[in-house]
Amino acid sequence: MDDLVVHGPLARPEGSSLVTSLSRDASAATGEVAVRLRGIGKRFPGVIANDDINIDVARGSIHAVVGENGAGKSTLMKILYGVQPPDSGTIEVNGTELALSTPADAIKAGIGMVFQHFMLADNLTVLENVVLGAESLHGIGGAARAKVAEISAAYGLGIDPDRRVEDLGVGARQRVEILKVLYRGARIIILDEPTAVLVPQEVDELFGNLRELKREGLSVIFISHKLDEVLSVADEITVIRRGTTVATVDPRSVTSRQLAELMVGSELPTPQTEASTVTDEVMLSVRGLGLRGPDGRAVLDDISFDIHRGEILGIAGVEGNGQSELVEAVMGMRGGAEGAVVLSGRDIAGLSTRARREAGIGYVPEDRHRHGLLLDAPLWENRVLGHQTREPSARRGVIRRRAARADTQRIIDAYDVRTPGTEVPARALSGGNQQKLIVGREMSADPVLLIASHPTRGVDVGAQGAIWDHIKRARREGLAVLLISADLDELIGLSDRIEVVLRGRLVGTFDPSAVTPEELGSAMTGAGDAAPTTTTEETRG
Amino acid sequence: MNVRLTKVALAIGAPLLALALAFAITSLVLLAAGDPVGEVWAQIISWPEARNQVNILNNATVLFLSGLAVSIGFRMNLFNIGVDGQYRVAVFAAAAVAGEGWLPGYLNTALAIVCAMLAGAAWAGIAGVLKATRGVSEVIATIMLNFIATALVAYLLAKVAVREEGSNVIGTAPVPEGSRIPGIQMWSDIPTEIYGFIVFAVLVGVAYWFTLNKTRFGFELRATGRSASAAVASGISVRRMTITTMMLSGAVAGLVGLPILFGTSPYNYGSTFQSGLGFAGIAIALLGRNHPVGIALGALLFAFLDEQSNPLQILVGVSPDIVAITQGVIVLTVVVSYELVRRYGARLEQRRVAAQLARESAAAKDPRPTTKEAAR
Ligand SMILES: Nc1ncnc2c1ncn2[C@@H]1O[C@H](COP(=O)(O)OP(=O)(O)OP(=O)(O)O)[C@@H](O)[C@H]1O
Ligand SMILES: [Mg+2]
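Concerning the overall build of chain A
Along chain A, the regular secondary structure elements total 21 helices and 22 strands. Burial status across chain A gives 55% buried among its 541 residues. Look at the contacts in chain A between residues 6 or more apart in sequence, and 69% of them connect residues 24 or more apart. A total of about 21200 Å² of accessible surface is found on chain A, and carbon and sulfur atoms cover 49% of it.

This is the structure we're talking about:
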């Protein structure tokens, strides 16, 4: 990995040391540290999010920040990006101490941030998205286009400025976000859980881009829960535990197991398939499901599958190939879907979302902020959400606060949701803890079918294992699961069967015990026509 | 300090701060115009006489219903500007029906009340349907419906009206004597009575509180207001909710004019019927933070200011319109002061947490860095 520097356009023969390879940078004289955080503290009502955080990010390096859910990573990054002020501590950028009170200050200081939820306008082109809000830099015409092309080429981003964002896949959208940040002159780039939405090939591409950035002397700060990725790409890793920096380690000298122990003091779980619990009884049967987009193109095309009691069906696919539409069609959230959806013998295709939920479907949505939570409502009201017609949340049309609070506390305990109580608004929880709450909610009331989109997205390794255990236990008791995940290890480890979705069609069935992530990966991108271990026809008949 | 006590203090502090700010700004306006600030306030803040107290309560009853109607929409993020048109359509319908006297006594009253609620609901429902099916902003739709209501009511009034003797005021036939709602005598020495309708208004307030805060329907309404996309995923039909909420808001708006119709002479709807009650409701709903008790207090405040400012022209030679400025400014200062108090509360809470942690860590003989931070 180190010898990458040698291939850099301006690398010197002795360029294995960061300091020398970067001495061309005008400000390099002030030292090699791009960002120095000292004693950063931040409190929220009921919690200390950051407490005496100390981090040095070397210029021209990729610095990973890891820690369990609620450790304070996002809070720290928001402080560095000027979204919220710290209560204490200092921030130095290139040797100068700065007070960053707005993102505009941070951008001026050369800091850029890519949030986990992309903020692009779908109906605009890449160029328009990039220029939006930064018109004063290079205008909106030829100069801007040239600049975009130049950046894209310089860092190997491979972006066509005239493509519309809605036509781009997730990986490409992320590159547009990075381009946006670079266009605004960022030399320090923060990425909060950038790989959570990416499939392995896209992760590799992203890491290629990041190495390119680092070769050009930029610094990248990168948050992830996927420790193997962190080890493969980072030059330095800082571990945060309960708001405090506990260690900064060299990735070459630690294993992911040791990292996990540093983070949570427990071991790395690996999903292990257990004895199959699949029964003969069909729980969900989907036949000829089709859906057209607003432009008349088929986004779902003749989808058919069965899920049995006690079975987990995994759906593999690059994001944007119809997974969201499939889930929403089965949930009854999309009008205009055709085909049959039969839940334990009863056709539910004509039923409302509420009736489907009442029939026993649990639903973990892919976008927790848009579909899973009322961010400004207290946790117990979020517990009621989607269960407002059922015990224990309601009885005879009246919401039962006390019971709802008690059941929220049960979820908090069972799923280890880190929160000061049931009255705090959902917004105050860290991303991973929000996710745990949603999974806990959807697993309550004994669902017969769980539709789970990325159930452990943004969840730390310890909590991930706990969620897997919950799902497996429910499966033993007969739960059927439709699992969509970008995490192929999760998909392979949990599923009894995997279907690959590509451009709205199911294109192949795989046996998880015999497939490798690489094989799945190439089937998902439609590359190489990987031979499925079983044919589609066999399982459909 | 006790945590709960602090919370209560903050909750009361916010509206008081808003009032103080509004009074300060009004005083500045008075000063700039060269009016006698002290005398104006002395008149407004003086204790009202018995007759004025009754007027304040009566006016507050009407404003309370108007505020409730608006706030039902607010709870779902719907801006029902159309309460004004809705109550006029509704009170006209009620007056026309009650004036006919098809049913005897209070049956006639009940029928008229139902008609008023239906008319208000239908009028607001138009905006609801437009929003749910065509995506037309309810703000635009209700504003237009206000205009249409004015024209429609004037047109229909001309058809059914009877002309009052010796005047060119036209109005519907008066509500028969047996169908009027008797007032409540508070002081035997004055003739003005409190609207009997006030009892009904209180019941509506209680029903509002129960429905919105306790029932599943209320939960769904508030959830839709907070996030329509999450509502969809939770099995709530946002379209149906939009239409239902608008209609409910309109139904309550339909009650706004009824205390006047059934409680004051000439017991009919005429061209001089009180107007503009719907707009005051918007300010009062904001002031009362969509809580029925808050709305009641806001309505009382607005009614108080209106009543107390009446004699300003005669006593100190200042136009009573000055309180309209105060009322308008209150709406703005309320927003500001709630935000200020919220931030202050958050800071207090943080300090409390820090102090508590400091104590705990001191007890554990493991002084954490926060101790030092908390001290400053
Ligand atoms: N706006 C807020 N109000 C109150 N508490 C907050 C707020 N934002 C964050 N917190 C709390 O601060 C702590 C740190 O949260 P943060 O989002 O930084 O965690 P994180 O390390 O990013 O976790 P995750 O891996 O789950 O994303 C959590 O306990 C969280 O509940
Ligand atoms: Mg986070």
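Read on, since the account is not over.
Let's talk about the site of ligand 1
Residues and elements named next belong to chain A. What surrounds ligand 1 is a group of 18 residues, the closest being S74, T75, A428, S430 and G432. Contact distances for ligand 1 include 2.7 Å between an oxygen atom and a backbone N or O atom of K73. Measuring from an oxygen atom of ligand 1, one finds a side-chain N or O atom of T75 at 2.5 Å. In the complex, the protein chains occlude 87% of the 640 Å² of accessible area that ligand 1 would expose alone. For the shell around ligand 1, the elements supplying multiple residues, two or more each, are β2 (47–58), α3 (73–80) and α17 (431–443). With three residues, α3 is the largest single contributor of residues to the shell around ligand 1.

Description of unusual backbone geometry
For the bond from E391(A) to P392(A), the omega torsion is -5°, close enough to zero to count as cis. Positionally, P392(A) belongs in the loop between α15 (379–384) and β17 (394–395). For the bond running from S265(B) to P266(B), omega is 10°, close enough to zero to count as cis. Note that P266(B) resides in the loop between α11 (258–263) and α12 (277–287). Positive phi, normally seen in glycine, also occurs at E193(A), with a value near 50°. Here E193(A) shows up in the loop between β7 (188–192) and α9 (200–215).

So, the pairing of strand β1 (residues 33–44) of chain A
All names here are of chain A. Of all 12 residues that make up β1, nine are buried, and the element is covered over most of its length. As defined by bridge partners, β1 adjoins β2 across eight bridges and the pair is classed as antiparallel. Bridge pairing in β2 places R36 opposite D56. Here β1 folds back onto β2 in antiparallel fashion, the turn holding two residues, of which G46 has a positive phi close to 90°. One ladder, built from five bridges, connects β1 with strand β4 (residues 88–93); its direction is antiparallel. Paired with V35 across the strands is V93, a residue of β4.

Observations concerning the domain arrangement of chain B
All names here are of chain B. Structurally, chain B comprises domain 1 (1–35 + 318–362) and domain 2 (50–311). Distance between the C-alpha centres of domain 1 and domain 2: 30 Å. On the side of domain 2, 10 residues touch domain 1, which itself brings nine residues to the contact. Interface area, domain 1 with domain 2, both sides summed: about 980 Å², of which 77% is carbon and sulfur. The largest share of the area that domain 1 buries against domain 2 comes from Q327, V331 and Y338, three residues that together contribute 45% of it. Counting the contacts that link domain 1 with domain 2 gives zero salt bridges. Inspection of the region where domain 1 meets domain 2 yields two residue pairs in polar contact (both at pLDDT 80 or more).

Things to note about the interface of chain B and chain A
Facing 29 residues of chain B, the contacting portion of chain A comprises 31 residues. Taken over both partners, the interface formed by chain B and chain A buries close to 2700 Å², and the fraction arising from carbon and sulfur atoms is 57%. Here chain B is connected to chain A by three salt bridges. Among the ionic pairs, R222(B) bridges to E381(A), the shortest N-O distance being 3.3 Å. At the junction of chain B and chain A, the tally comes to 12 residue pairs in polar contact (both at pLDDT 80 or more). Among the secondary structure elements, those contributing two or more residues to the side of chain B that touches chain A are α7 (197–214), α8 (216–226), α9 (228–233), α15 (321–363) and α16 (369–375) of chain B. With six residues, the single largest contributor to the side of chain B that touches chain A is α8(B). Residue composition of the side of chain B that touches chain A, by class: 12 nonpolar, eight polar and nine charged.

What to know about the sheet that holds strand β5 (residues 96–98) of chain A
Residue and element names in this part refer to chain A. Taken together, four strands build an open sheet; the order of strands is β2-β1-β4-β5 and the sheet is antiparallel. Looking at the sheet topology across the chains shown, the edges are occupied by β2 and β5. Direction aside, the axes of adjacent strands within the sheet are offset by 25° on average. α3 rests against β1, β2 and β4 of the sheet, and its axis sits at about 120° to β1.

A closer look at the packing of aromatic side chains
Residues and elements named next belong to chain B. For the structure shown, the criterion picks out six aromatic pairs over all chains. Residues F197 and F200 carry aromatic rings whose centres are separated by 5.2 Å and whose planes lie at 70° to one another, so their mutual orientation is edge-to-face. With a gap of three residues between them, F197 and F200 both fall in helix α7, about one helical turn apart. Through successive ring pairs, a cluster of aromatic residues spans F92, Y269 and F273.

Structural notes on the nonpolar core
Residues L63(B), L258(B), L261(B), F262(B), Y269(B) and I330(B) are the most contacted members of the largest nonpolar core, which totals 99 residues. In terms of residue count, the dominant contributor to this core is helix α3 (residues 50–75) of chain B (11 residues). If near-sequence neighbours (up to four positions away) are discounted, L258(B) is found in contact with V91(B), A94(B), I113(B), A116(B), F197(B) and G263(B). Of all hydrophobic cores here, the second largest spans 52 residues; its members include I178(A), L191(A), V220(A) and A247(A).

Some thoughts on a nonpolar patch on the surface
All names here are of chain B. Taken together, I140, I143, M144, F147, I148, L152 and Y155 make up a surface patch of nonpolar side chains, about 690 Å² in accessible area. Mapped onto the elements of the fold, F147 is located in helix α6 (residues 138–160). Note on F147: relative accessible area 59%, which makes it exposed.

Describing helix α12 (residues 323–331) of chain A
All names here are of chain A. Among the nine residues in α12, nine count as buried, and that is most of the element. Those residues of α12 not exposed but buried are Q323, S324, E325, L326, V327, E328, A329, V330 and M331. Of the residues one or two after α12, G332 is the one with positive phi, at around 80°.

About the thresholds
- Residues numbered from 1 in each chain as written.
- Chains lettered and ligands numbered in written order.
- Predicted model: local features only at pLDDT ≥ 70, side-chain atom pairs only at ≥ 80, totals over all residues.
- Heavy atoms only, no water.
- Helix = DSSP H or I, 4+ residues; strand = E, 2+ residues; numbered from the N terminus.
- Buried < 20%, exposed > 50% of the residue type's maximum accessible area, 1.4 Å probe, protein only.
- Contact = heavy atoms within 4.5 Å.
- Areas by Shrake-Rupley, 256 points an atom, 1.4 Å probe, with all protein chains shown as cover.
- Near = heavy atom within 4 Å.
- Polar contact = N/O pair within 3.5 Å; in protein donor to acceptor, adjacent residues only side chain to side chain.
- Pairing = 2+ DSSP bridges.
- Domains from an automatic or database assignment.
- Buried area = accessible area lost by both parts, 1.4 Å probe.
- Salt bridge = Lys/Arg side-chain N within 4 Å of Asp/Glu carboxyl O.
- Nonpolar A, V, L, I, M, F, W, Y, C, P; charged D, E, K, R; others polar.
- Axes fitted to C-alpha atoms, helices over the stretch in contact; angles between N-to-C directions.
- Phe/Tyr/Trp six-rings, centres within 6.5 Å; stacked < 30°, edge-to-face > 60°.
- Core = buried A, V, L, I, M, F, W, Y, C linked by side-chain atoms within 4.5 Å.
- Patch = residues over 30% accessible without salt bridge, like charges linked within 9 Å, V, L, I, M, F, W, Y side chains within 5 Å.

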